[in-house]
Amino acid sequence: MVEQRKPIPVSQAVEQVVEQAHPLGTETVALEDSYGRILAEPIKAAHDVPPFNRSPYDGFALRSADTAGASGERRVRFEVIDHIGAGEVSGKSLTSHTAVRIMTGALLPEGADAVAMFEQTVDSGDSFTIRKPFEPMENVSLQGEDAKQGETIIDSGGLIHPGTIALLATFGYARVAVSKQPVVGILSTGTELLDVSEPLSPGKIRNSNGPMIAAQLRRMGIHCKLYGMSEDRLEESFAVVKKAAEETDCLITTGGVSVGDFDFLPAIYERLGAKVLFNKVAMRPGSVTTVAVANGRYLFGLSGNPSACFTGFELFVRPALLKMMGAEKIYLPKTTAILKEDFTKANPFTRFIRATYDGTYATPAGFNKSNAVSSIARGNALIVLPGGTRGFSAGDSVDVLLLGVEEGVQQWQL
Ligand SMILES: Nc1nc2c(c(=O)[nH]1)N[C@H]1C(S)=C(S)[C@@H](COP(=O)(O)OP(=O)(O)OC[C@H]3O[C@@H](n4cnc5c(N)ncnc54)[C@H](O)[C@@H]3O)O[C@H]1N2
Ligand code: MOO
Ligand SMILES: [Mg+2]
């Protein structure tokens with residue numbers, strides 16, 4: 001008799017998977033290799049930013065006191081005593097009605113407390129005039145206005161993105177403490193599978209799940225170990241899964257997890273003595289998604305059906321790996337959108353519909369069965385239709401999970 005599996009709610013399944021994830025510790029990498037990694041130390045301002053009072057304009061550094069009473073009728077003249085660009089330091093100190101010609105980014109000379117932009121002056125080389133008074137510190141970029149020494153600017157646990165890199169570089173982090181990345185393996189199971197470069201033959205299809213998951217991992221900044229494809233034969237599959245599981249923190253297999261005569265993953269988990277967290281989730285696609293743990297390592301048994309495989313990765317594998325990487329924001333961001341099509345038939349399982357989201361509407365991305373591959377290629381989001389007794393109509397407000405967003409959110413809520 002076919003095994004009866006008990007489906008668990010999606011949120012419970014996500015919780016159970018994430019609960020098993022343990023951070024892998026930290027390492028340091030060169031700044032140029034840190035993009036996309038998870039920051040393992042807070043970034044504290046090592047010094048004020050900017051580190052000195054500087055000119056935000058190309059113009060003349062002057063003493064504001066000398067500008068008192070200036071007007072169109074009573075222009076005030078300054079003698080230019082030096083000329084500096086950014087990076088140069090004037091050796092001159094300003095005295096009454098003297099100024100230094102200064103470029104954007106240059107340290108203000110001693111005595112100066114304001115900058116007249118070129119556009120605010122009539123310039124005649126050795127001297128210039130102005131027609132308005134300047135306030136102390138007018139047109140000055142003040143030391144520490146951006147960041148104060150000792151201030152924590154970014155907490156640990158965030159994704160290092162280009163802005164983070166700019167900050168790290170500002171403070172002289174040639175090396176950065178980041179969380180270690182998990183070693184992740186991918187094995188595609190199925191006697192029907194052909195490699196991408198092989199021609200089709202009767203009953204065979206090309207392996208699309210393997211390359212897809214490798215790309216889903218790359219999108220998270222993770223490089224994986226490829227274990228290729230294995231045919232649906234118990235002994236051989238067991239050997240390769242066992243080896244791969246020993247060599248990785250997380251092994252992702254696709255296919256062979258359902259109740260078919262050649263679905264060997266359940267038997268393999270049993271032989272490995274792995275603890276199966278669940279083997280049925282009340283979701284579609286991906287109801288057969290199975291997650292097991294052996295010796296502290298994850299075994300993700302994703303469905304062979306491409307849409308189910310894709311969805312299983314985004315919902316379960318992604319947050320688990322991010323948590324292992326020390327990330328705080330491990331879940332896909334969620335928003336609401338207006339549904340573009342009817343889904344009038346109720347479904348007891350929560351459905352995840354591949355869709356395009358344009359900021360207002362969520363439009364299903366076409367053929368949306370579990371075995372669909374075209375809709376994964378078109379979509380940038382997953383519409384969530386909760387399981388239950390009701391259907392959904394065009395115009396309904398629905399939840400949408402956003403795919404491919406650089407950084408997610410901290411709370412899982414569905
Ligand atoms: N009697 C039942 N049959 C099925 C059930 C069930 O509950 N009772 N569940 C169905 C559901 S839901 C799904 S989803 C599939 C899951 O099957 P498996 O995860 O065991 O995957 P396979 O049987 O190996 O393959 C399913 C399908 O996907 C194609 N496939 C497999 N690997 C790849 C790959 N790497 N790239 C592209 N396509 C792949 C494979 O050829 C099959 O067509 O089971 C249902 N059956
Ligand atoms: O596991 Mo299946 O994907 O629900 O069609
Ligand atoms: Mg099967």
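Residues numbered from 1 in each chain as written. Chains lettered and ligands numbered in written order. Predicted model: local features only at pLDDT ≥ 70, side-chain atom pairs only at ≥ 80, totals over all residues.

Student: Give a description of unusual backbone geometry that names residues and reports values.
Tutor: Proline 50 follows valine 49 through a cis peptide bond whose omega is -10°. Here proline 50 is to be found in the loop between strand E2 (43–44) and strand E3 (59–62). Cis geometry is adopted by the peptide bond preceding proline 285, which originates at arginine 284 and carries an omega value of 0°. For proline 285, the position within the fold is in the loop between strand E17 (283–284) and strand E18 (290–294). (Helix = DSSP H or I, 4+ residues; strand = E, 2+ residues; numbered from the N terminus.)

Student: How would you summarise the site of ligand 1 if you had to cite specific residues and measurements?
Tutor: In the vicinity of ligand 1, 27 residues are found, and the nearest of them are Asn209, Gly255, Ser258, Ser303 and Gly304. Elements represented by at least two residues in the shell around ligand 1 include exactly helix H3 (209–219) and helix H6 (306–324). Its residues assigned to classes, the shell around ligand 1 comprises eight nonpolar, 17 polar and two charged. (Near = placed C-beta within 6 Å. Nonpolar A, V, L, I, M, F, W, Y, C, P; charged D, E, K, R; others polar.)

Student: Report on the UniProt feature "domain: MoaB/Mog" (unreviewed entry) in the protein, specifying residues and quantitative values.
Tutor: In the numbering used here, UniProt assigns the "domain: MoaB/Mog" (unreviewed entry) feature to residues 185–323. Its end C-alpha atoms 17 Å apart, residues 185–323 is made of 37% helix and 27% strand. (UniProt positions renumbered as here; feature names shortened; annotations may be inferred.)

Student: Please set out the sheet that holds strand E16 (residues 275–278) residue by residue, giving values where relevant.
Tutor: Across the sheet, six strands lie side by side as E14-E11-E15-E19-E18-E16; this open sheet has mixed pairing. Unpaired on one side and paired on the other, strand E14 (224–230) and E16 mark the two borders of the sheet. Direction aside, neighbouring strands of the sheet carry axes that sit 20° apart on average. Judged from the five bridges that link them, strand E11 (residues 184–189) and E14 form a sheet pairing that is parallel. (Pairing = 2+ DSSP bridges. Axes fitted to C-alpha atoms, helices over the stretch in contact; angles between N-to-C directions.)

Student: Got a sec to walk through the site of ligand 2? Specific residues and values, please.
Tutor: Residues in contact with ligand 2, as listed here, are Arg284, Pro285, Gly286, Ser287, Val288, Ser303, Asn305, Ala308 and Ser370. Of the residues that constitute the shell around ligand 2, the class distribution is three nonpolar, five polar and one charged.

Student: Give me the nonpolar core: which residues, what numbers.
Tutor: Residues Ile252, Phe300, Leu321, Ala381, Leu382, Ile383 and Val400 are the most contacted members of the largest nonpolar core, which totals 79 residues. A per-element tally of this core places H6 first, with eleven residues. Non-local contacts of valine 400, meaning those with residues more than four positions away in its chain, are made with Lys334, Thr335, Thr336, Ala337, Tyr357, Ala362, Ala381, Leu382, Ile383 and Val384. Membership of the second largest hydrophobic core comes to 20 residues, among which are Ala112, Ala116, Ile130 and Val140. (Core = buried A, V, L, I, M, F, W, Y, C linked by C-beta atoms within 7 Å. Buried ≥ 20, exposed ≤ 12 C-beta atoms within 10 Å, placed from the backbone. Contact = placed C-beta atoms within 7 Å.)

Student: So what's going on with the environment of serine 93? Which residues, and what values?
Tutor: For serine 93, the location among the structural elements is in the loop between strand E4 (76–84) and strand E5 (98–102). Among the residues examined, serine 93 registers 13 C-beta atoms within 10 Å and is labelled partly exposed. Through-space distance from the C-alpha of serine 93 to that of isoleucine 81 is 9.2 Å; in sequence the pair is twelve residues apart. Once you skip the residues sitting within four places of it in the chain, serine 93 turns out to touch Pro109, Glu110 and Gly111.

Student: Go over helix H5 (residues 265–272), please, and point to the residues and values.
Tutor: What H5 keeps buried is the set Leu265, Pro266, Ile268 and Tyr269. Taken end-on, H5 shows its buried residues confined to a sector of 160°, consistent with a single buried face. The inward-facing, buried residues of H5 contact helix H4 (234–247), strand E15 (250–254), E16, E18 and strand E19 (297–302). (Arc of directions from axis to C-beta.)

Student: Describe the confidence of the model for the protein, naming the residues involved and giving the relevant values.
Tutor: Residue-level pLDDT values for the protein average 96, and 100% of them are 70 or greater. Both scores are available for the predicted complex, with the pTM at 0.93 and the ipTM at 0.98. (pLDDT = per-residue confidence, 0-100.)

Student: Can you tell me about the sheet that holds strand E6 (residues 114–117), naming the residues and giving the values?
Tutor: Consider a sheet: its strands pair through backbone hydrogen bonds, and that pairing is either parallel or antiparallel. Taken together, the six strands give an open sheet; going across it, the order is E6-E3-E5-E4-E8-E7, and neighbouring strands pair in mixed fashion. This sheet does not close on itself; its edge strands, each paired only once, are E6 and strand E7 (121–123). Each adjacent strand pair in this sheet contributes to an overall mean axis angle of 35°, direction not counted. In this structure, E3 lies alongside E6, joined through four bridges in antiparallel fashion. Each residue of the ladder has a partner; that of phenylalanine 60, found in E6, is alanine 116.

Student: Describe the domain arrangement of the protein, and please don't skip the residues or the numbers.
Tutor: Each assigned domain of the protein is listed with its residue range as follows: domain 1 (10–24 + 181–324), domain 2 (29–48 + 147–179), domain 3 (59–130) and domain 4 (334–402). If you average the C-alpha positions of domain 2 and of domain 4, the two centres end up 38 Å apart. (Domains from an automatic or database assignment.)

Student: Break down the packing of H3 against H6 for me, with residues and values.
Tutor: Running from amino to carboxyl end, H3 crosses H6 at an angle of 20°, the nearest separation of the two axes being 10 Å. Taken together, the axes of H3 and H6 lie roughly parallel to each other. At the point where H3 passes H6, the crossing takes the right-handed sense. Counting all contacts with H3, which are made through Asn209, Met212, Ile213 and Gln216, the residues of H6 involved are Pro306, Cys309, Phe310 and Phe313. Here the contact of H3 with H6 is built from residues that sort into six nonpolar, two polar and no charged. (Parallel < 35°, antiparallel > 145°, perpendicular 65-115°, else oblique. Left-handed = near helix turned anticlockwise from the far one by under 90°.)

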